[in-house]
Amino acid sequence: MTITGRGVVARRAGEPAHVEEILIDPPGPGEVLVRVQASGVCHTDLHYKLGSVGNDFPYLLGHEGAGIVEAVGEGVTAPAVGDYVILAWRAPCGNCRFCAIGQPHLCAASLNAEPRMRTADGVTLSPALGIGTFCTHTVVAARQAVPVSTECPPVQACLIGCGVMTGIGAVLYTASVRRGSTVAVFGCGGVGASVIQGARIAHAAKIIAVDIAENKLNWAREFGATDLVNARDGDPVAAIKELTGGNGVDFSFEAIGRPETLLQALWARDLAGTCVLIGVPDPTMRLDLPIQQFFGLGGALRVSWYGDCLPSRDFPMLADWYRRGDLDLDRAVTRVITLDETEPAFEAMERGETLRSVVHL
Ligand code: APR
Ligand code: ZN
Ligand code: ZN
């Protein structure tokens, strides 16, 4: 049976998104219907709204959600109705040749549900990153709904679905940060703060936070940064070299998505160090690098996509870390808002006032 809900729709590029009545069709084979309980407002939703990541308007925004499975489609053996789940915007299989070598972003077996959400006037919506969680209900592929401990409440748990997993996974899986390492993080927004937290959990000895905003640097310290560098005060590369006895760091992370800061992250690492690119640049951006410098770079540059995670393995693990007090998700939630307040939340994000606003449904 088709149900009626409410969701945040972006009709045209660059225009404000509004709450609309949404028609949600039942889950098809291999799909599940989820009642969304909370959804974080991530930077990528803003990109969707502005039209900078796709042109399949209208979009149903939101892609960082947690909720309860309300119905399952034909052939679904897991999850079950009533399960508490975090939604994954990509759910690699875990078994193919790419998953087996820790490159799950290349997995071809990661599926989304068919688009099941429509506007009241019958227009099929494109769910952001295939899931569309700024909505009372959404339909996803069964593997995208990952059961986790109910001891991690929805407002916190939803963050695991995108920003937190991206940052922590970049540390644990893409970089494999070792105990005692030195780390620099360029950009301390929602993703960078999670990189910092991941580095703390991995027992990095020195965690240098780089940003241009003082409030972000203060949050960075709360998440575990040991040294703060405001890039407005001078060359951050020089500051990082000075903090590491002239060598540079073992691991540098770029969590902004700009060519200048990617170059800084490359030069801020030790000769034998690794630079991890997380920030997604605008498609027009180019990197201008003398080829000769590749001789000094070696295998230094790695790209991290969704933290190279396997949601079925990693979401329950992170929810458990929260339950044990090892993963701080409370501090990442700057504001809890209603479905009707996503526009002001996007504005607050653009002004740099928030790490995360979370829609509580
Ligand atoms: N030097 C240092 N920090 C900078 C600079 C700069 N030149 N320019 C911007 N920043 C800081 C901002 O002040 C902000 O704190 O980078 C941070 C970016 O954080 P957010 O805007 O909150 O973005 P976030 O959600 O963390 O995502 C970062 O990762 O997943 C990708 O698409 C996402 O590309 C985006 C990136
Ligand atoms: Zn996101
Ligand atoms: Zn796979």
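Cut-offs used in this document
Each chain has its residues counted from 1, following the order in which its sequence is written. Naming scheme: in the order in which they are written, chains are lettered from A and ligands are numbered from 1. Reporting of local features is limited, given that this is a predicted model, to residues whose pLDDT is at least 70; pairs of side-chain atoms are given and counted only at 80 or more, and all residues count toward the totals for whole chains, interfaces and linings. Counting from the N terminus, the helices are the DSSP runs of H or I reaching at least four residues and the strands are the DSSP runs of E reaching at least two. Restricting the calculation to C-alpha atoms gives the radius of gyration, and the globule rule supplies 2.2 Å times the number of residues raised to the power 0.38. Here a residue counts as buried when 20 or more other C-beta atoms fall within 10 Å of its C-beta, as exposed when 12 or fewer do, and as partly exposed in between; the C-beta atoms come from the backbone. Once C-beta atoms have been placed from the backbone, residue pairs whose C-beta atoms lie within 7 Å are recorded as contacts. The rule is simple: place the C-beta atom from the backbone, and if it lies within 6 Å of a molecule or strand, the residue is near it. The residue classification treats Ala, Val, Leu, Ile, Met, Phe, Trp, Tyr, Cys and Pro as nonpolar and Asp, Glu, Lys and Arg as charged. All others, Gly included, are polar. As used here, the arc is the angular range of directions from the helix axis to the C-beta atoms. The split into domains, and so the bounds of each, comes from an automatic or database assignment of domains. In short, DSSP must find at least two bridges between two strands for them to pair. To obtain each axis, a line is fitted to C-alpha atoms, and for helices this fit is confined to the stretch in contact; angles are then taken between N-to-C directions over 0 to 180 degrees. A set of buried residues drawn from Ala, Val, Leu, Ile, Met, Phe, Trp, Tyr and Cys, joined through C-beta atoms within 7 Å, is what defines a nonpolar core.

Q: Give a detailed account of the overall build of the protein chain, specifying residues and quantitative values.
A: Of the regular secondary structure elements, the protein chain holds 11 helices and 18 strands. In terms of overall size, the protein chain behaves like a compact globule, its C-alpha atoms giving a radius of gyration of 20 Å where 361 residues would be expected to give roughly 21 Å. Residues classed as buried in the protein chain amount to 50% of the 361 residues present. Of the contacts made within the protein chain by residues no fewer than 6 positions apart, 70% connect residues no fewer than 24 positions apart.

Q: Residues and numbers for the site of ligand 1, please.
A: Taken together, 26 residues lie near ligand 1, and H43, G187, G189, V191 and G257 sit nearest. Contributions of two or more residues to the shell around ligand 1 are made by α1 (43-50), α4 (163-175), α5 (190-201) and β12 (206-211). The greatest single-element share of the shell around ligand 1, amounting to three residues, is contributed by α5. For the shell around ligand 1, a count of residues per class yields 12 nonpolar, 12 polar and two charged.

Q: Describe helix α6 (residues 214-223), naming the residues involved and giving the relevant values.
A: The α-helix advances 3.6 residues per turn, and as a result positions three or four apart in sequence lie on the same side. Residues of α6 that are buried include every one of K216, W219, A220 and F223, and no others. The arc that holds the buried residues of α6, viewed along the axis, is 105°, so those residues lie on one side. As for α6, its buried residues are in contact with α5, β12 and β13 (227-230).

Q: Tell me what's going on with the domain arrangement of the protein chain, and back it up with residues and numbers.
A: With domains assigned, the protein chain is organised as domain 1 (3-152 + 329-360) and domain 2 (167-305). Relative placement of domain 1 and domain 2: their C-alpha centres are 29 Å apart. Contacts between domain 1 and domain 2 engage nine residues on the former and 11 residues on the latter. Its residues assigned to classes, the side of domain 1 that touches domain 2 shows three nonpolar, four polar and two charged.

Q: Any chance you could break down the sheet that holds strand β15 (residues 269-277) for me, citing the residues and the numbers?
A: With parallel pairing, six strands are arranged side by side in an open sheet as β13-β12-β11-β14-β15-β16. Taken across any chain shown, the strands that pair with only one partner, and hence form the sheet edges, are β13 and β16 (301-303). Within the sheet, the average angular offset between the axes of one strand and its neighbour, ignoring direction, is 20°. Bridge analysis of strand β11 (residues 182-186) against β12 gives five bridges, and the strand direction is parallel. Paired with F186 across the two strands is V210, which belongs to β12. Where α4 meets the sheet, its contacts fall on β14 (249-254), β15 and β16, and the angle it forms with β15 comes to roughly 125°. Against the sheet, helix α8 (residues 259-267) touches β11, β14, β15 and β16, its axis set at about 170° to β14.

Q: For unusual backbone geometry, give the residues involved together with the corresponding values.
A: Backbone torsion omega between F57 and P58 reads -5°, so that peptide bond is classified as cis. Turning to its location among the elements, P58 is positioned in the loop between α1 and β4 (59-60). With omega at 0°, the peptide bond leading from A78 into P79 counts as cis. Relative to the helices and strands, P79 resides in the loop between β5 (65-72) and β6 (84-87). In this model, L129 sits at a positive phi of 50°, which is unusual for a non-glycine residue. Note that L129 resides in the loop between β8 (126-127) and β9 (137-141).

Q: Help me get a handle on the pairing of β14, residues and values and all.
A: A regular strand places its side chains on the two faces of the sheet in alternate fashion. Of all six residues in β14, six are buried, a share of seventy percent or more. Taken together, the four bridges between β11 and β14 define a ladder with parallel strand orientation. Looking at β14, one finds that V183 is bridged to F251. In this structure, β14 lies alongside β15, joined through five bridges in parallel fashion. In the sheet register, E254 faces β15, and the bridge partner there is L277.

Q: Can you break down the nonpolar core residue by residue, with the values?
A: Counting 112 residues, the largest nonpolar core has V185 and I196 as the members making the most contacts within it. Residue contributions to this core peak at six residues, all from α4. When residues of this core are sorted by domain, at least three fall in each of domain 1 (3-152 + 329-360) and domain 2 (167-305). If near-sequence neighbours (up to four positions away) are discounted, I196 is found in contact with V185, C188, I207, A209, A220, F223, G224 and A225.

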